Structures are given as structure tokens and as C-alpha cells.
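Summary of the model geometry
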Amino acid sequence: MSDPRWRVLVPTSLPAEPITEIYDPAGDIELVYALPPEERVLGGGPLGPAGQKAKASQVLWERSGEFDAVGALPGPPYVTAEVLDRNPQLKVVFIASAGFDSIDVPAATERGVVVVNAAGNNVVPVSEHAIGLLLSVSRKIGLIDRRAHAERRGLHYTDVGPYPPTLDGGTLGLVGFGAIGRRVARIASAGLGMQVLAYDPYGAPEPGVEFVATLAELLTRSDAVSLHLPLTERTRHTIGAAELALMKPGAFLVNTARGPIVDTDALVAALRAGSLGGAGLDVTDPEPLPAEHPIFDLDNVVLTPHYAGASPGAIVTAHRMAAQGVVDALHGIEPATLVNPEVWKRYLNRLEHEA
């Protein structure tokens with residue numbers, strides 16, 4: 001067998017399928033793992049997620065210049081402009097998730113580097129989780145469960161305060177209307193009897209969903225708001241103090257997108273003041289929250305640990321999609337999950353000149 005044409009740095013483990021079925025059929029790609037087997041376990045392994053990210057990032061920095069494609073991990077900045085400058089031969093950056101905020105996409109585009117993700121891999125689990133958080137916080141399920149466990153007794157319905165509202169007949173506002181937003185809309189409408197509003201300058205209308213022209217209109221009309229947009233510099237703090245002040249008294253906020261889309265300090269202030277009914281958060285800023293964070297003192301918050309997209313099928317699908325994107329890009333085929341399509345023509349010119 002001839003030497004592989006390309007080397008790909010993988011930050012963590014891969015499910016078996018993407019390796020055997022996608023990366024290696026032609027033998028022209030060499031996979032290099034950033035971490036030893038015991039440390040590359042999906043989910044963090046003995047290092048934990050933060051330690052795993054830090055060590056994989058260090059390997060990427062120290063072994064600059066060796067790879068044609070590198071994998072990124074979610075979270076803090078991972079593939080930065082500085083990393084890209086140290087790797088002028090780099091062609092592709094990939095991430096096995098829908099979110100790509102750990103990659104400096106504008107810097108990659110400027111340098112002719114393709115970025116691919118796994119958009120759409122986790123539509124079902126995230127949409128189900130968003131609805132679950134909404135039900136948990138609006139019906140006080142999370143609060144009641146915490147109290148029952150802490151007090152080690154079955155609670156009486158008179159123990160938990162005023163009756164919670166029902167969602168039937170209420171209005172759900174969706175900020176971002178991609179694949180996840182559309183599925184949440186269908187569940188909320190057909191399953192919960194809710195009217196659905198959507199705000200997304202780039203989204204496609206769907207029957208039964210009313211598109212509104214401004215975020216302000218969505219916030220003022222909704223009994224609950226669920227966030228489904230990517231994190232970019234433009235979307236950072238989409239929900240801040242001014243936006244929270246527009247929401248109905250007692251309304252609920254659900255975030256299964258990215259933590260920095262919400263101004264955490266402003267959210268805590270609104271929840272403490274009682275102007276919001278509660279929040280269901282799968283993502284936070286910072287993430288994870290430090291032990292002393294004031295959110296932990298709030299009874300009207302349901303927290304899960306960036307868990308919405310977790311399912312066995314979604315994990316395999318995400319890595320398959322990312323792998324296919326890498327292989328396609330290296331072979332000059334436009335990936336289906338290309339994050340920066342504006343780079344494609346320039347990228348093809350790079351391939352032609354480097355051939």
C-alpha cells in the first residue's frame with residue numbers, strides 16, 4: 001500500500017463505523033489520535049472534558065505543520081487564528097457537532113480552510129430535550145423532584161405552592177428555525193396545543209407557524225421562548241436584560257443552543273426578580289458553572305449538563321457526518337455540511353495548485 005496522501009488529527013475516540021466505512025476505504029488517509037487510548041474516551045475519560053480539551057489542544061499546537069485536517073472539540077476557542085497560522089498546510093477543520101463556536105470560522109475562511117460540522121445529527125434528541133425542559137420548568141417537575149429527594153418523602157400537592165400553568169393554548173416563541181426548531185414546533189403544536197411563533201431572518205416558513213418580523217414581537221407575545229440558533233459574534237447575548245424585560249411576566253425561557261446566547265447575569269437578575277416564571281437550561285455561560293454560581297440557588301431553574309444532543313445514534317451520526325465532510329473536502333467534493341461555503345472556490349484553487 002502506498003503512503004497516505006493526507007494526515008488527519010482526531011482529538012478523541014471515534015465510533016468504529018466512521019473509521020472503517022468512511023476514512024479508510026482507499027487507504028489514502030492516515031488517522032492520528034491526539035491522545036492515548038485511555039484518555040481519548042468520548043465524554044472525557046479520566047481527564048474529564050476540560051482536561052481532554054486542554055491536552056488535545058496542546059498536542060495540536062505542538063505538532064503544528066503535520067496535518068491536512070484537524071478535529072475540534074466544543075467549548076472554549078480551540079482552532080484559533082493563531083493555530084491556523086501555525087498550520088499553513090491545513091485544508092480542513094472538522095467538528096462532530098452542530099455547533100462550531102470553538103472554531104474561528106472567519107479566520108479559516110480568510111486562509112482558504114474549509115470548516116465542516118455535523119449539522120442535523122441530533123435533531124431528535126435536542127428537540128425532545130427542549131420540550132422536556134419546558135415541561136419540567138413550567139409544571140415544576142424539577143423543583144418537586146428535588147424537594148422529594150432532599151426531604152426523602154412523598155410531597156402533598158399543597159407543599160409546592162400555587163398550581164403551575166398549563167401549556168395548552170399558550171404561545172411558544174422559537175428564536176431560530178432550523179431543523180431542530182421545526183421539530184420543536186411540530187411537537188408543541190400537535191402535542192401540547194400551543195400556538196407557535198418563529199423569528200429567523202434565514203428560516204423557511206412552515207404551515208402552522210407564524211413568522212414574526214422582529215425578536216421584540218416574538219418576546220412580547222410568547223408565554224415560553226426556546227432558543228435554536230448557532231453561537232456567533234452576532235448572536236452572542238441575543239437575550240440580554242432588554243430582551244428579558246420584553247417577555248411576559250411569568251414566561252419561561254429554554255436554551256438548548258449555546259450558553260453565551262443568553263446574558264447569564266441578566267437572566268439571574270430576571271429570575272430573582274420574579275419577572276420570569278423560570279428557565280430550562282441545557283447550556284450555560286460559563287460552562288460548566290462554578291459551584292458558587294447563583295443559578296444553583298434558584299428554584300425556578302432546571303439544569304442539565306449540555307446533554308440535549310446525547311443519544312447513541314446521534315453520536316455515531318455526528319462522527320459519520322464529520323468524517324464524510326473531511327473525506328469529501330480532501331477529494332475536492334463540496335461537503336454537505338460545509339460551514340463556510342464562501343471559501344469553496346478559493347479552496348479548490350488551493351487544491352489545484354498543491355496537486
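A short tour of the structure in this document, coming up.

So, how was this worked out
Residues numbered from 1 in each chain as written. Predicted model: local features only at pLDDT ≥ 70, side-chain atom pairs only at ≥ 80, totals over all residues. Heavy atoms only, no water. Salt bridge = Lys/Arg side-chain N within 4 Å of Asp/Glu carboxyl O. Helix = DSSP H or I, 4+ residues; strand = E, 2+ residues; numbered from the N terminus. Buried < 20%, exposed > 50% of the residue type's maximum accessible area, 1.4 Å probe, protein only. Phe/Tyr/Trp six-rings, centres within 6.5 Å; stacked < 30°, edge-to-face > 60°. Lys NZ or Arg CZ within 6 Å of the ring centre and 35° of its normal. Contact = heavy atoms within 4.5 Å. Polar contact = N/O pair within 3.5 Å; in protein donor to acceptor, adjacent residues only side chain to side chain.

Time to look at the pattern of salt bridges. The final tally for this structure, using the stated rule, is 18 salt bridges. A salt bridge links D68 to K91; the nearest nitrogen and oxygen atoms lie 2.9 Å apart. Residue D68 is located in the loop between α2 (48–62) and β3 (69–72), and its partner K91 is located in the loop between α3 (81–86) and β4 (92–95); the two are separated by 23 residues in the primary sequence. Taking the relative accessible area as the measure of exposure, K91 reaches 8% and is therefore buried. For E151, the salt bridge identified is with R147, shortest N-O distance 3.1 Å. Residue E151 and its partner R147 are both found in helix α6 (residues 141–151); the two are separated by four residues, about one turn of the helix. Judged by relative accessible area, which is 34%, E151 ranks as partly exposed. Residue classification places R147 among the partly exposed residues on the basis of a relative accessible area of 26%.

Tallying each qualifying case throughout the model produces three aromatic pairs. On the numbers, 6.3 Å between centres and 50° between planes, the contact of Y157 with Y163 is tilted. Accessibility assignment for this pair places Y157 and Y163 in one class, exposed. The ring of Y33 carries the charged tip of R40 above its face, separated from the ring centre by 3.9 Å. A cation over a ring is seen here: R86 above W61, with NZ or CZ 4.0 Å from the ring centre.

Attention now goes to helix α10 (residues 264–273). Looking at α10, one finds that the buried residues are T264, A266, L267, V268, A270 and L271. Those residues of α10 that are buried lie in contact with α9 (241–246), β10 (251–255), β11 (276–281) and β12 (301–303). Backbone nitrogen of D265 and a side-chain oxygen of the N-cap are separated by 3.2 Å at the start of α10; the cap is D263. Directly after α10, the chain includes G274, whose backbone phi takes a positive value near 80°.

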